[in-house]
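A closer look at the structure
The lines below spell out each chain.
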Amino acid sequence: MVLISIQNSFAMEQGDGKKGLPLLEVGAGVGVTALPDYRGSDKTRALYLPIPYIIYRGDRVKVDRRGMRGSIYESKNTAINISGGFGLPVNSEKNEARLGMDDLDFVFHIGPSFEYLIDDDDDANSTTIFKFPVQLVLATNFSDMHTEGVLIYPHINYIKKANWHFGLSIGEIGRAHV
């Protein structure tokens, strides 16, 4: 993804105890990325989008490069957060593999995620976390909404921190219909 941004930090009272960092940072930019039409699709499309740049460091709610999450419980090595994601709608006439099929609606998923810190190695600047999200999947065409099932995605994240972050995620995606 290519991102060009202009940002501004608002000095507000800090919510999570990190000294020197503002509670809220806001900016905007323009991004371009290539995304598959849907999970497993070999057809991609380029998207040019205005990108809001928001970092919020609240006690319970956080917004940063990892996304938006709400903390339900947190200890030294474990956490329970609210997590989610989305899938963009697909016009089946524009995807050869989907010709004759119904269009895919905008899909979003949200639910709790159990997280366990396996290793946080300051010397190697790396972190390994086991995550177990269970999320309700909903689809909408913005005039109707329906349940698509439950997304279960246990996985291990390895994050190497340097001048920029490198991440690797290994896991299985399971889906159950409700």
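Residues numbered from 1 in each chain as written. Predicted model: local features only at pLDDT ≥ 70, side-chain atom pairs only at ≥ 80, totals over all residues. Heavy atoms only, no water.

Looking only at helices and strands, one finds zero helices and 12 strands in the protein. Starting at the N terminus, the α and β elements of the protein follow one another as β-β-β-β-β-β-β-β-β-β-β-β. When each of the 178 residues of the protein is scored for burial, the buried share is 26%. Here the contacts in the protein between residues at least 6 apart in sequence split such that 44% fall between residues at least 24 apart. For the protein, the exposed surface amounts to about 12300 Å²; the carbon and sulfur share of it is 60%. (Helix = DSSP H or I, 4+ residues; strand = E, 2+ residues; numbered from the N terminus. Buried < 20%, exposed > 50% of the residue type's maximum accessible area, 1.4 Å probe, protein only. Contact = heavy atoms within 4.5 Å. Areas by Shrake-Rupley, 256 points an atom, 1.4 Å probe, with all protein chains shown as cover.)

Right, let's talk about the packing of aromatic side chains for a bit. Here the structure, examined in full by the defined rule, presents four aromatic pairs. Between Phe-86 and Phe-106, the aromatic rings sit 6.1 Å apart at their centres with planes inclined by 20 degrees, giving stacked as the arrangement. One end of the pair, Phe-86, is in strand S6 (residues 78-87); the other, Phe-106, is in strand S7 (residues 106-121), and 20 residues separate them in sequence. One Lys or Arg, Arg-98, reaches over the ring of Tyr-38 and ends 5.6 Å from the middle of that ring. (Phe/Tyr/Trp six-rings, centres within 6.5 Å; stacked < 30°, edge-to-face > 60°. Lys NZ or Arg CZ within 6 Å of the ring centre and 35° of its normal.)

For the rest of this paragraph, the subject is a nonpolar patch on the surface. On the surface, a nonpolar cluster with roughly 960 Å² of combined accessible area is contributed by Ile-72, Tyr-73, Ile-80, Ile-82, Ile-110, Phe-114, Tyr-116, Ile-118, Phe-132, Val-134, Ile-152 and Ile-156. Within the residue set of the nonpolar patch, elements represented by two or more residues are strand S5 (67-74), S6, S7 and strand S8 (126-140). It is S7 that contributes the most residues to the nonpolar patch, four residues altogether. Within the secondary structure, Ile-152 sits in strand S9 (residues 145-152). (Patch = residues over 30% accessible without salt bridge, like charges linked within 9 Å, V, L, I, M, F, W, Y side chains within 5 Å. Salt bridge = Lys/Arg side-chain N within 4 Å of Asp/Glu carboxyl O.)

What follows deals with the side chain of Ser-41. Residue position: Ser-41 is located in the loop between strand S2 (24-36) and strand S3 (44-57). Relative accessible area serves as the criterion here: at 14%, Ser-41 is assigned to the buried category. A polar atom in the side chain of Ser-41 sits 3.0 Å from the backbone nitrogen of Lys-43. Once residues lying within four places of it in the same chain are set aside, the contact partners of Ser-41 are Pro-36 and Asn-95. (Polar contact = N/O pair within 3.5 Å; in protein donor to acceptor, adjacent residues only side chain to side chain.)

By the element assignment, Asp-105 lies in the loop between S6 and S7. With relative accessibility at 23%, the residue Asp-105 sits in the partly exposed group. Measuring from C-alpha to C-alpha, the distance between Asp-105 and Pro-89 comes to 4.6 Å, with 16 residues separating the pair along the chain. In this structure, Asp-105 is in contact with Gly-87, Leu-88, Pro-89, Ala-139, Thr-140, Asn-141 and His-146, ignoring residues within four places of it in sequence.

All quantities given are derived from atomic positions and should not be read as evidence of function.
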